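Coordinate analysis (summary)
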Amino acid sequence: MSKKNPEYDFKWCPGCGDFGVRRALELAMINRLEETGKPMENNVVVAGIGCSGNLVHLLEGNQPYGFHGIHGRTLPVAMGVKMARPELNVVVVAGDGDFLSIGGEHIGPQAARNLNICAVVMDNGVYGLTKGQSSPTTQLGTVTSSTPYGKIEAEADPLELYLTLGASFIASGFSGQPRELARLIGQGMDHEGFAMVHVQSPCTTYNDTFELMKGNARKGIDPLLYEVPEDHDASDRGAAFEMIHRRGVPMGVIYKDETRPSLEQRMVEVRGKAPRRSVDELMDSFAF
């Protein structure tokens, strides 16, 4: 970040989309600080393994707490943090490789629980840190270092996956629009429930899709990105499903269900039903 703070240097390739995501998350947390008056230390960033892990450190000043976990296990770690300290704002940062492959098994359970966290997933369609292997979102037939004759699995559709598994907030953003992305992340952090912010974040080294996303009129390339229409009803699951299956990549809030209680709210209800027992009573219950 600077000569005075070399410990916060980011080991990303020049032009990496994750720079824009870092800036967006930084802006979102600063805005949250100003709106709530809560200190930066009220935020916790949980990362897995991959290029996205650098987002554990965001600012040169006060830092959010950071937990750099293991590959694909950001959601279990985030759940542990949230269960122990429900007052904290927990944000997961992950890539399409770890989150949707080895970590894919954790999305459904947390969506069903409606865990009150915000997950920011940077999708570059490849494993960037380990030198360009195909990931779940790599397109069918793509030649990579792990698929020298073309990928044989169809690519995953993350937005459809989140909607199908029951995430209560789904937004789609682009790393090249950090201020717009910051607003989406802010809405995800404010949402009471399981919020997914999926970000197109091109890898300039192994899968540079920037031109495809933005378009290039001189080359006759139409942009894949399009703004979610103002009249889109984000509370309508059917409308969200239709939008996800249009050509291109929507930018904005696609789905938002504010009627479902979060895991925290359900836990409060369950604790009210559970009988209170002393330590002696608990110990006696284990005696034969």
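The coordinates are above.
Let me begin by describing the structure that accompanies this report. Since we're looking at a predicted model, the values are computed, not measured. Every chain is numbered independently, its residues counted from 1 as its sequence is written. Totals for whole chains, interfaces and linings use all residues, but because this is a predicted model, local features are given only for residues with pLDDT of at least 70 and pairs of side-chain atoms are given and counted only at 80 or more. Values reported for side chains reflect all heavy atoms of the structure, with hydrogen atoms and water molecules removed beforehand.

1. Quick word on the packing of aromatic side chains
Put simply, the rule is: Think of it this way: a Phe, Tyr or Trp ring, Trp meaning its six-membered ring, pairs with another when their centres are within 6.5 Å, and the plane angle makes it stacked under 30 degrees, edge-to-face over 60, tilted otherwise. Using a 1.4 Å probe on the protein chains alone, a residue whose accessible area is under 20% of its type maximum counts as buried, one over 50% counts as exposed, and one in between counts as partly exposed.
Tallied over the full model, the rule gives two aromatic pairs. Between Trp 12 and Phe 19 the ring centres are 5.0 Å apart and the planes differ by 85 degrees, which places this aromatic pair in the edge-to-face class. Its relative accessible area of 10% is what places Trp 12 among the buried residues. Owing to a relative accessible area of 33%, Phe 19 belongs among the partly exposed residues under this scheme. Seen from their ring centres, Phe 174 and Phe 210 are 5.7 Å apart, and the 40 degrees between their planes marks the pair as tilted.

2. Some points on the side chain of Gln 177
Put simply, the rule is: Helix and strand definitions follow DSSP, with helices as H or I runs of at least four residues and strands as E runs of at least two, each counted in order from the N terminus. Whether two residues are in contact is decided by their heavy atoms: any pair within 4.5 Å suffices.
Secondary-structure assignment places Gln 177 in the loop between strand 5 (169-174) and helix 6 (178-190). Taking relative accessible area as the criterion, Gln 177 reaches 18% and is therefore assigned buried. Contact partners of Gln 177, with chain neighbours within four places excluded, come to Lys 214, Glu 227 and Met 251.

3. Section: the nonpolar core
Defined as follows: Throughout, nonpolar core names a set of buried Ala, Val, Leu, Ile, Met, Phe, Trp, Tyr and Cys residues whose side chains join them through atoms within 4.5 Å.
Grouped together as the largest cluster of nonpolar side chains are 33 residues, with contacts concentrated most on Val 92, Phe 99, Ile 117, Tyr 162, Phe 194 and Met 196. Here this core takes four residues from helix 2 (residues 74-84), the largest share from any one element. Met 196 has contacts with Phe 99, Ala 119, Val 121, Tyr 162, Ala 167, Phe 169, Ile 170 and Ala 171, leaving out every residue within four places of it along the chain. In this structure, Cys 16, Val 21, Val 45 and Val 91 belong to the second largest nonpolar core, which totals 31 residues.

Everything listed here is a matter of geometry and, on its own, says nothing about what the molecule does.
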